[in-house]
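# Notes for the structure review
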Amino acid sequence: MSGTIVKRTPFFKILIANRGEIAVRIMHTARRLGYGVVAVYSDADRDALHVREADQAVRIGEALPAQSYLKIDAIIAAAKASGAGAVHPGYGFLAENEDFAQACRDAGLVFIGPSPEAILAIGNKAGAKDIMQKAGVPCVPGYQGADQSDAVMLAEAKKIGFPVMIKAVAGGGGRGMRLVADAGAFPDALRSARSEALGAFGDPTVILERAIVDPRHIEIQVFGDRYGNAVHLGERDCSVQRRHQKLIEEAPSPAVTPELRARMGAVAVQAVKAIGYEGAGTLEFLLDRAGNFYFMEMNTRLQVEHPVTEAITGLDLVELQLRVARGEPLGLRQEDITFSGHAIEVRLCSEDAGHDFMPQSGTMARWQVPDGIRVEHALQSGSEIPPFYDSMIAKVISHGASRDEARGKMICALEQVTAFGVTTNQGFLIDCLRHPVFAKGEATTAFIGNNRDALLAPRPDRGSDLALAALLLYVTNPHAPPWQRGRSLSATFPLGLRIDLGHGVQEIEIVRERDGSYLATRNGDRFSFVIDELGQDSIRFHHDGVMEQAKLLRDGDRLHILHRGITLSARDFTLAPPESATAAGGDGKVRAAMNGRVVAVLVKAGDKVAAGQPVMTLEAMKMEHVHTAGVAGTVSSIDVAEGEQVTTGKIVVEIEAAA
């Protein structure tokens with residue numbers, strides 16, 4: 001670095017052009033370094049934590065991303081109004097948009113990321129593959145041509161050979177990505193991928209790639225500065241995915257040897273030096289069983305999973321971003337980068353794993369995280385989880401001397417997270433971490449698909465769960481006899497309860513015995529409990545000779561329970577009339593499965609439809625979800641229009657069943 005002229009670009013206040021946990025995470029480092037921070041928000045985020053924690057906050061539009069977080073002019077205006085000198089895009093939204101980076105430059109704002117030219121050159125999947133191929137880097141065979149017509153895309157897919165991947169060029173996170181098994185399914189998959197890409201990134205352009213069967217997803221973290229220096233910070237293994245979106249990430253990868261790490265890292269550094277890349281970036285590869293790796297794409301931004309790299313290197317990647325953006329030299333040589341221990345990150349998402357990972361929105365009635373582990377979030381009790389954005393609500397990161405230690409810490413931490421009011425994938429993540437394939441470090445991108453039945457199998461102690469829920473509904477009912485420690489003067493009469501734990505209404509009887517214990521009976525099975533302590537939000541009890549505890553929250557006829565790391569949500573239907581209509585549409589009515597926006601009406605009144613035929617597509621949390629007819633018959637009514645926002649359970653299509 002001797003003789004290098006340092007070209008500093010000072011700034012003192014940073015606008016964070018994002019929301020949620022990444023906005024809060026960037027704020028923490030920015031404040032530690034002495035910067036002021038400005039938040040932006042949509043109408044849906046007016047009371048969000050990232051808004052409350054900022055020094056200043058500016059409204060940029062309505063709830064939908066296209067009307068707020070994707071509005072370049074509104075964000076530039078917010079920076080000007082607040083006096084910010086720099087903009088950090090976070091990830092998602094405009095983070096990899098060269099027009100946004102250029103708009104910041106034109107407005108005299110420092111864009112905390114690579115140059116518009118670098119984003120254009122390599123941030124676009126098609127452009128990145130061209131650069132890599134010219135550099136001799138192995139790439140997945142595919143098509144990234146300018147002709148995006150349906151006929152050409154189908155013809156190119158046939159040339160590549162099925163199965164093929166459709167990928168949006170302008171983003172990541174699984175949006176605009178589809179795995180297509182055959183030519184017959186290709187047209188619908190192409191339309192859906194384009195629509196999703198347009199909604200998430202403002203660009204419907206896609207590329208095609210041959211699908212590599214059962215690979216590992218390995219990515220290399222790189223950093224460059226404006227003086228031509230570049231290093232890599234090792235790899236991350238992001239193979240555990242659903243819908244092409246990562247759920248569990250770890251560093252280092254169980255499958256990468258030091259020799260392979262050096263080869264992949266050298267390729268990554270050579271690539272970013274070739275284009276004069278500045279800032280944080282990630283090159284993503286597919287690694288097959290033979291140890292061959294193929295370049296997929298480059299993300300020209302900070303990654304969701306950057307904390308695992310921070311954990312094993314001891315570096316703050318956001319701090320490095322800010323220093324590089326100010327014009328400071330990177331200050332790191334490759335030999336300075338060392339790795340310590342093992343780190344794992346999981347993405348806690350508001351989704352129902354048991355129902356095809358359907359996104360969930362609503363109010364987080366209670367949110368508590370354990371001490372002693374890194375949790376990145378922007379939540380508090382009472383926070384709203386809106387339906388317009390990504391379903392990830394928090395990241396939990398563990399670090400240990402070994403992979404087994406990091407895995408054990410993560411399981412313990414997840415068992416203590418309290419997330420009441422919105423269904424999350426908490427239990428599913430624990431099951432993934434405990435699965436023998438993951439425990440042995442053998443998970444590929446096919447892990448969830450190959451082990452889906454085991455990961456989503458009903459809990460073997462469902463009867464015990466039901467009994468505990470019945471007991472807690474009984475003792476927390478404001479009209480029930482108050483609980484008192486010790487013996488009772490007399491036993492109570494059996495009380496029949498009708499309870500739903502999410503698998504249909506079940507009947508169970510509760511009685512308090514003379515000795516003060518409680519007996520729950522269902523289908524001849526008997527469960528005995530002795531309550532030792534009952535508080536407003538917790539209970540200690542004996543069951544089968546073992547003292548246990550659970551956290552709880554009573555909310556009207558609903559009860560939320562955290563017990564043995566499993567979150568249960570029970571509803572009391574004891575006084576409710578039996579339900580006759582089926583939410584699945586067996587009555588001819590198709591109901592919205594989640595809060596979302598209608599993006600495609602696939603039928604019209606008078607159409608004949610078969611059971612299972614797609615009739616409506618809703619978009620929720622930036623993913624599309626096709627709704628199908630529950631019965632065969634004739635469409636009698638379309639009750640919504642494209643672009644309309646609907647709530648869970650709303651009737652969207654009505655079908656008159658065939659005679």
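Structure shown above.
Residues numbered from 1 in each chain as written. Predicted model: local features only at pLDDT ≥ 70, side-chain atom pairs only at ≥ 80, totals over all residues. Heavy atoms only, no water.

Moving on: the overall build of the protein. A tally of regular secondary structure across the protein gives 17 helices and 39 strands. Rg of the C-alpha trace for the protein: 27 Å, near the compact-globule value of 26 Å for 659 residues, within the 12% margin. Taking the principal axes of its C-alpha atoms as reference, the protein extends roughly 90 × 60 × 55 Å. A buried classification covers 54% of the 659 residues belonging to the protein. Entry remark: accessible area of the protein is about 26,900 Å², with carbon and sulfur atoms responsible for 50%. Averaging the coordinates of the 70 positive side-chain charges in the protein and doing the same for the 81 negative ones gives two points 2 Å apart. (Helix = DSSP H or I, 4+ residues; strand = E, 2+ residues; numbered from the N terminus. Rg over C-alpha atoms; globule rule 2.2 N^0.38 Å. Buried < 20%, exposed > 50% of the residue type's maximum accessible area, 1.4 Å probe, protein only. Areas by Shrake-Rupley, 256 points an atom, 1.4 Å probe, with all protein chains shown as cover. Lys, Arg positive; Asp, Glu negative; His and termini not counted. Charge placed at Lys NZ, Arg CZ, Asp CG, Glu CD.)

Let us now look at the pairing of strand β37 (residues 633–638). Across 2 bridges, the pairing between strand β34 (residues 608–609) and β37 is antiparallel. Bridge pairing in β37 links V609 to G633. In the sheet, β37 pairs with strand β39 (residues 651–657) via 5 bridges, with the strands oriented antiparallel. Counted as the bridge partner of V635 is I655 from β39. (Pairing = 2+ DSSP bridges.)

On to the environment of A101, then. Within the secondary structure layout, A101 lies in helix α4 (residues 98–106). Classification of A101 by relative accessible area gives buried; the value is 1%. In sequence terms A101 and P494 are 393 residues apart; their C-alpha atoms lie 68 Å from each other. With near-sequence residues (within four places) excluded, A101 lies in contact with F111, P114, P116 and I119. (Contact = heavy atoms within 4.5 Å.)

Spatially, 8 strands are ordered β14-β13-β10-β11-β12-β15-β22-β20 in an open sheet, and the strand pairing comes out antiparallel. Each having just a single partner strand, β14 (293–299) and β20 (374–377) make up the two edges of the open sheet. The mean angle between the axes of side-by-side strands here comes to 25°, regardless of whether they run parallel or antiparallel. Alignment of strand β11 (residues 230–242) against strand β12 (residues 245–251), held across 4 bridges, turns out to be antiparallel. Counted as the bridge partner of D237 is E250 from β12. Helix-sheet contacts for helix α10 (residues 306–313) involve β10 (216–224), β11, β12, β15 (342–349), β20 and β22 (392–400), and the interaxial angle to β15 is about 155°. Set on the sheet, helix α13 (residues 426–434) makes contact with β12 and β15; between it and β15 the angle comes to about 150°. (Axes fitted to C-alpha atoms, helices over the stretch in contact; angles between N-to-C directions.)

For the structure on display, the rule yields 44 salt bridges. The salt bridge involving R261 is made with E235; its shortest N-O contact spans 2.6 Å. In this pair, R261 is assigned in helix α9 (residues 258–274) and E235 in strand β11, connecting sequence segments 26 residues apart. Neither R261 nor E235 differs from the other in exposure class; each is buried. R347 serves as the salt-bridge partner of E305, at 2.9 Å between the closest nitrogen and oxygen. Of this pair, E305 sits in the loop between β14 and α10 while R347 sits in strand β15, placing them 42 residues apart in sequence. Residue R347 is classed as buried on the basis of its relative accessible area of 11%. One connected set of salt bridges, linked through shared partners, spans E21, R25, R32, E310, D316, E319, R323, E328, R374, E376 and K395. (Salt bridge = Lys/Arg side-chain N within 4 Å of Asp/Glu carboxyl O.)

Between its terminal C-alpha atoms helix α8 (residues 186–201) stretches 22 Å, which fits the 22 Å expected from 16 residues at 1.5 Å a residue. Buried-residue contacts for α8 involve α7 (150–160), β7 (164–168), β8 (178–180), β9 (206–210) and β36 (623–628). Just downstream of α8, G202 is the residue with a positive phi angle, here 75°. (Expected span 1.5 Å × (residues − 1).)

In this section: the packing of aromatic side chains. On inspection of all chains with the given rule, the structure shows 12 aromatic pairs. Here the aromatic rings of F285 and F293 are separated by 5.4 Å at their centres, their planes lie at 85°, and the arrangement is edge-to-face. Measuring from ring centre to ring centre gives 5.9 Å for F388 and Y389, while their planes differ by 65°; the resulting arrangement is edge-to-face. In terms of burial, F388 and Y389 fall into one category: buried. Aromatic ring contacts, followed pair by pair, group Y69, F93, F388 and Y389 into a single cluster. (Phe/Tyr/Trp six-rings, centres within 6.5 Å; stacked < 30°, edge-to-face > 60°.)

Here H435 lies in the loop between α13 and α14 (436–439). The buried category is assigned to H435, whose relative accessible area is 12%. In terms of polar contacts, H435 uses its side chain to reach the side chain of N451, at 3.3 Å. Residues contacting H435, with those up to four places away along its chain left out, are F447, N451, A454 and L455. (Polar contact = N/O pair within 3.5 Å; in protein donor to acceptor, adjacent residues only side chain to side chain.)

Within the open sheet, the 4 strands sit side by side as β6-β9-β7-β8. Their pairing is antiparallel. Looking at which strands have only one partner, the edges of the open sheet turn out to be β6 (142–143) and β8. The pairing of β7 with β9 spans 5 bridges and is classified as antiparallel. Across the sheet, the residue bridging to K167 is I207, located in β9. Packed on one face of the sheet, α7 meets β6, β7 and β9 and runs near 15° to β9. In this fold α8 packs onto β7, β8 and β9, with an angle of close to 25° to the strand it touches most, β7.

Here we come to unusual backbone geometry. A cis amide bond links F162 with the next residue in sequence, P163, at an omega value of 5°. By the secondary structure assignment, P163 is in the loop between α7 and β7. In the segment running from A251 into P252, the intervening peptide bond is cis, with an omega of -5°. Structurally, P252 is set in the loop between β12 and α9. One non-glycine residue, D214, lies in positive phi territory at about 50°. Relative to the helices and strands, D214 resides in the loop between β9 and β10.

This next bit is on the packing of α4 against helix α5 (residues 116–123). Closest axis-to-axis distance for the α4/α5 pair is 8 Å, and the angle between their directions is 175°. Comparing the axis directions of α4 and α5 gives the class roughly antiparallel. In this structure, α4 contributes E98, A101, Q102 and R105 to the contact, and α5 contributes P116, E117, I119 and L120. When grouped by side-chain class, the residues that make up the contact of α4 with α5 number 4 nonpolar, 1 polar and 3 charged. (Parallel < 35°, antiparallel > 145°, perpendicular 65-115°, else oblique. Nonpolar A, V, L, I, M, F, W, Y, C, P; charged D, E, K, R; others polar.)

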